[in-house]
Amino acid sequence: MATPSYRLAAAVTAPSTSEFLVVRQLPPPSPPSTAPGEEEYRRYVDSDLYDLPSAPLRRLAADEEPVPPGVAVGGVEDGRLDLSRFDFPAALDQILNQLGLTSAMCGEWRLLKYAEEPEFGPDAGVNTVLIVGSLESKPEVLQDSCKWMSKEGAWKLLSGVKPGGTRIGPYVYIAFPKPELSSNCIAASALASQEYPPGLTLVPMKSRTLSPFRTTNLVVVQANGGACGSKRSDFFACGDALLIDPGCCSQVHTELADLVNSLPKKLVVLVTHHHNDHIDGLSVVQRCNPDAVLLTHQNTMKRIGKGNWSSGYTAVTGGENICIGDQELQVVFAPGHTDGHMGVLHVNTNALIVGDHCVGHGSATLDSRAGGNMKDYFQTTYKFLDMSPHVLVPMHGRVNLWPKHMLCGYLRNRRAREASMLQSIENGAQTLFDIVSRTYCDVDRKLWIPASFNVRLHVEHLNSQHKLPKYFSMEKFQSSYGIHFFCRWAVAYALSRTSPAILAGSALAGGLVVAYALGRNAGNQPQDSARR
Ligand SMILES: [Zn+2]
């Protein structure tokens, strides 16, 4: 298990008010908007995101002298933390810099909270130390990127969101949670979880997913005492709790059963798609609560065996509203990854649960054997962009705070790959192996097999747009799938290893991967996620 990293976040309050300072967060870097091909992405800009100022917090090496932290524990005793083992002064300097303040302007710092991040992967978690301090006096001028905010103002922006409106980041919510907003559904559970945005709890659970991830996010929404949303009568389904994608593997089925047993009995379950790492816990949910209502697309249901869900289900096609207490969700048809793939919008917070359309790191593969389709994938990506979500919630990895940035990155990546495939075809590539080996020459050859599924869909997409040269034969291309591709790949994979011992091992590994890939051809395929 890799070592977690740490971050320091600070709530700087004004004297005699409950206001604190927030900083406008910088989006991740993008290509310059004047770069070729960037015109169409210019209109997709994420709205302003404000959060508490934060900075990396370095853990001191074992042989380093402790640094006086300058932070009083102040009533929060937490045995998990030895403050003297961190370089607080360096992190605080960075934070004060963001605010345009000096340490002389601040009084004593107190530890407010320590939050350990659950295992979202693929890297180790980022644990957050939250401190609070008060200014001696309110500065007359603030930096442009900073503003004062009250808890009430932050809660209003977190819970009554409007597309395009100002967004509030997770540190504010960790520092100042509001019980009425929280569904607080698994507080008593042994499972590590994270609630952000308010009302959506993510529980990363060990699953049969493929590298680099090890977990699937189970999304839990629970009624928090409020009445079923407003007076509307057009809800498609109502319940006191909702589970999305119970896909954990058998090693954690006991924990899943405990969680289901702790939830209210009026339970709605939604499955985004049929892959094993999204449905492996369905039978546990049904055993613990036989009255639970399952919602999914009919194309997904026909691929879910009776062993996973033995009774009836309710088909959804997108657009259905679900009410869980005073929280409202909307089902979104999102084909591309598979032909029955669904997303879910958490309306209260404008957070979009995207299933496997996006993953927290890299890009998702499309399942060509379950109706995965590149044209659908592009259309769904544009649909998501037009919805202007505040947050994207993938089923693998962390929530993403820059939805438009991420979705445009997916479009750029797919377009770049497609252009490179067209180029290799124009340079004479005719078979699946030709195109994969030329397009992915910079990628580890063991990833060429999953990449080949996307190549098939890209070439079909190019064909449907009449972009392929006349001399390119789709029949010949399609006849090069399967064993033809795997044999050529196995040779190329073995040749990429130079030593005789590695060569022999690689040939054996190649044979096993061929057998595995052929075997997978016949059954369900969990999603995979390197940038392909
Ligand atoms: Zn999947």
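Under the annotation held in an unreviewed UniProt entry, the protein carries the name Metallo-beta-lactamase domain-containing protein and is attributed to Lolium multiflorum.

*Asks:* Residue-level account of the pairing of strand E16 (residues 293–296), with values.
*Replies:* Strand direction decides the pairing type here: strand E15 (residues 267–270) and E16, joined by 3 bridges, are parallel. Within E16, the position partnered with Val269 by the bridge is Leu294. Examined bridge by bridge, E16 and strand E17 (residues 314–315) share 2 bridges and lie parallel to one another. When the sheet's bridge partners are listed, Thr296 is paired in E17 with Ala315.

*Asks:* Would you mind going over the nonpolar core in detail, with residue names and values included?
*Replies:* Membership of the largest hydrophobic core comes to 100 residues, with the highest contact counts inside it found for Leu242 and Val393. Beyond its immediate stretch of four places on either side in the chain, Val393 contacts Leu200, Leu202, Val219, Ala351, Leu352, Ile353, Val354 and Val399. Judged by nonpolar contacts, the second largest core, of 21 residues, contains Leu422, Phe433, Ala451 and Trp489.

*Asks:* If you had to explain the sheet that holds E15 to someone new, which residues and values would you point to?
*Replies:* One open sheet accounts for 7 strands, arranged E10-E11-E12-E14-E15-E16-E17; its pairing is mixed. Both edges of this open sheet fall to strand E10 (194–195) and E17, since each of them pairs with a single strand only.

*Asks:* Hey, could you go over the sheet that holds strand E19 (residues 327–333) for me, with residue numbers and the actual values?
*Replies:* Strand order in the open sheet formed by 6 strands is E13-E18-E19-E20-E21-E22, and the pairing between neighbours is mixed. In this open sheet, the two strands that pair with only one neighbour each are strand E13 (237–239) and strand E22 (391–394). Within the sheet, the average angular offset between the axes of one strand and its neighbour, ignoring direction, is 25°. Relative to strand E20 (residues 342–346), E19 is paired through 5 bridges, and the arrangement is antiparallel. The partner of Phe333 across the bridge, within E20, is Met342.

*Asks:* Give a detailed account of the packing of helix H9 (residues 403–426) against helix H10 (residues 432–439), specifying residues and quantitative values.
*Replies:* Helix-helix packing is characterised by the crossing angle of the two axes and by the distance between the axes. Put simply, H9 and H10 touch, their axes get as near as 9 Å, and they point 120° apart. Considered as vectors, H9 and H10 are oriented oblique to each other. For the crossing formed where H9 meets H10, the hand is right-handed. Facing Arg417, Ser420, Met421, Ser424 and Ile425 of H9, the residues of H10 in contact are Asp434, Ile435, Arg438 and Thr439. Of the residues contributing to the contact of H9 with H10, the split by class is 3 nonpolar, 3 polar and 3 charged.

Reading the values: the criteria
- Residues numbered from 1 in each chain as written.
- Predicted model: local features only at pLDDT ≥ 70, side-chain atom pairs only at ≥ 80, totals over all residues.
- Pairing = 2+ DSSP bridges.
- Helix = DSSP H or I, 4+ residues; strand = E, 2+ residues; numbered from the N terminus.
- Core = buried A, V, L, I, M, F, W, Y, C linked by C-beta atoms within 7 Å.
- Buried ≥ 20, exposed ≤ 12 C-beta atoms within 10 Å, placed from the backbone.
- Contact = placed C-beta atoms within 7 Å.
- Axes fitted to C-alpha atoms, helices over the stretch in contact; angles between N-to-C directions.
- Parallel < 35°, antiparallel > 145°, perpendicular 65-115°, else oblique.
- Left-handed = near helix turned anticlockwise from the far one by under 90°.
- Nonpolar A, V, L, I, M, F, W, Y, C, P; charged D, E, K, R; others polar.

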